[in-house]
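Here is what each chain is made of, one letter per residue.
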Amino acid sequence: MTQQHKSRRSFVKNLSLGIGSTAILPVLSSFQDLNEKIGRTDRKKLNIALCGLGRYATLLARSFVDTEYCNLAGIITGTPSKAVDWKRRYAIPDANIYDYGNFDTLKDNPDIDLVYVVLPNGMHKEFTLRAAAAGKHVIVEKPMAFTEKDCEEMITACQKAGVQLAVGYRLHYEPNHLEIKRLGQRKVFGQVRLIEVSLGYSIDDIDPNDWHLKKNLSGGGPLMNLGVYCVQASRYVLGEEPIAVTAQFGPVTKPELYTEVEESITWQLYFASGAMATSTSTNSSGVDRFFASAEKGFFELSPAVSYGPFRGRSSHGEFDFPVINQQAAQMDGIAKVILAGKQLPEHISGIEGKKDMKILEAIYTAAETGKKIFLS
Ligand code: NAD
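In this text the structure is predicted, and so the values were computed from the model without any measurement.

Analysis parameters
Residues numbered from 1 in each chain as written. Predicted model: local features only at pLDDT ≥ 70, side-chain atom pairs only at ≥ 80, totals over all residues. Heavy atoms only, no water. Pairing = 2+ DSSP bridges. Helix = DSSP H or I, 4+ residues; strand = E, 2+ residues; numbered from the N terminus. Contact = heavy atoms within 4.5 Å. Axes fitted to C-alpha atoms, helices over the stretch in contact; angles between N-to-C directions. Near = heavy atom within 4 Å. Polar contact = N/O pair within 3.5 Å; in protein donor to acceptor, adjacent residues only side chain to side chain. Areas by Shrake-Rupley, 256 points an atom, 1.4 Å probe, with all protein chains shown as cover. 1 Å grid on protein atoms, 1.4 Å probe; cavity = no way out; pocket = protein on both sides within 12 Å on 5 of 7 lines; lining within 4 Å. Sits in = over half its atoms within 2 Å of the grid points. Nonpolar A, V, L, I, M, F, W, Y, C, P; charged D, E, K, R; others polar.

**Section: the sheet that holds strand β12 (residues 297-301)**
Spatially, nine strands are ordered β14-β13-β12-β11-β7-β10-β9-β8-β15 in an open sheet, and the strand pairing comes out mixed. Of all strands in the sheet, those with a lone pairing partner are β14 (317-318) and β15 (373-374), marking the two edges. Across three bridges, β12 lies against strand β13 (residues 312-314) in antiparallel orientation. Within β13, the position partnered with Phe 299 by the bridge is Ser 314. Each of β7 (192-200), β8 (242-249), β9 (264-271), β10 (276-282), β11 (287-294) and β12 is contacted by helix α9 (residues 222-238), which is oriented at about 155° to β7, the strand it contacts most.

Below is the structure:
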């Protein structure tokens, strides 16, 4: 039995004890439907090719062992030595090893169903478009692209090609996050008035040539890299879109590194319900916290947005959810839907990435102009 399977079993056990049951039941029952359709009767797996074999792709590759519906079938890399190493490590057939030059010949390979784009942000759009043109489903890492317009192009290209487009939002399958979504959206403690959610880690020892510091490859600093999670959590806990944004850049303490992108940024999202969400994404370690204050109580996670394990509590007491492999849960969740021939739910699709990108663009505009930016 895989770790993922064990986690799911203990998750179900927790549900039967009534912990977070209202939040999870709809999700679980749709999993059960899909299990009946595919998982129990047809062991077919989704054949995934990872594109870009850096740090996160390495973590994803290690997570396949915890999936039930995903197979690491291929790789796309510009580094020949990585191709040799990954072929040996993950038993990748030669026919499923590509570089960025021959990527487009994926269209002739029926053994790859989906390309998972794990490249620097500035390459997400190009490789999503190329994967769609090759007739492959796509998972693209966050942030989806640089602009709302780019996201729109990616969505349209996938629609035209008849393939599905998902964004690598791993927290949409994480039980603590499903719980805060339930508590917020169902107003268990009344209307949420204030959310404070921030994420930061120190990259002081970063190679000055690292793509995260280059605007053409990153699109920006910690807002693009980490802030997108904070915007996500604010939106899915409230279940509504912000109507306005204000933002401020923080001080630059490492001018030698931060010549092209911000070192830190703080922003405020304003919602029609009267709720406000405030966040900071910064080059400082140990910033990983979510707190929501509602009319009749609070709920919080800390750690909250990283790879966990998360700890959570509310006015009703401590959370007690299983620790899961977030990457495996995300890939399995997407694979099950695609294998069942169903449409991905909007919250994990390119449409969700586009909504986030609109807000990230507004945050940068607000920080640059000092003005409150209204979103239509
Ligand atoms: P990384 O630098 O470790 O890996 C990037 C890969 O892209 C490397 O293999 C590199 O060789 C390749 N590459 C190809 N062309 C390149 C170029 N011109 N410049 C630099 N690298 C190039 O980065 P990473 O941390 O693996 O991030 C990759 C993507 O994954 C990013 O979009 C990032 O936001 C995302 N990510 C997501 C999560 C998550 O939790 N969902 C976590 C980390 C990273």
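**Concerning the site of the ligand**
What surrounds the ligand is a group of 20 residues, the closest being Asn 121, Lys 142, Arg 170, Trp 211 and Tyr 229. Note that an oxygen atom of the ligand is positioned 2.7 Å from one of the side-chain N or O atoms of Tyr 229. In isolation the ligand exposes 840 Å². Once the protein is present, 80% of that is buried. Of all the cavities here, the one that holds the ligand is the largest pocket. Across the shell around the ligand, the residue classes tally to eleven nonpolar, four polar and five charged.

**Concerning the sheet that holds strand β1 (residues 46-51)**
Taken together, the six strands give an open sheet; going across it, the order is β3-β2-β1-β4-β5-β6, and neighbouring strands pair in parallel fashion. Two strands lie at the open edges of the sheet, namely β3 (97-98) and β6 (165-167), each paired on one side alone. Here β1 pairs with strand β2 (residues 70-76) via six bridges, running parallel. Bridged to Cys 51 within β2 is Ile 76. Packing of helix α4 (residues 80-90) onto the sheet brings it into contact with β1, β2 and β3, and relative to β2 it is tilted by some 165°.

**Digging into unusual backbone geometry**
Cis geometry marks the peptide bond from Lys 142 to Pro 143; its omega dihedral reads -15°. You can see Pro 143 is positioned in the loop between β5 (137-140) and α6 (148-161). In this structure, the amide linkage connecting Gly 308 to the following residue, Pro 309, adopts the cis form with an omega of 0°. Structurally, the position occupied by Pro 309 is in the loop between β12 and β13. The backbone of Ala 91 shows a phi angle near 50°, a positive value even though the residue is not glycine.

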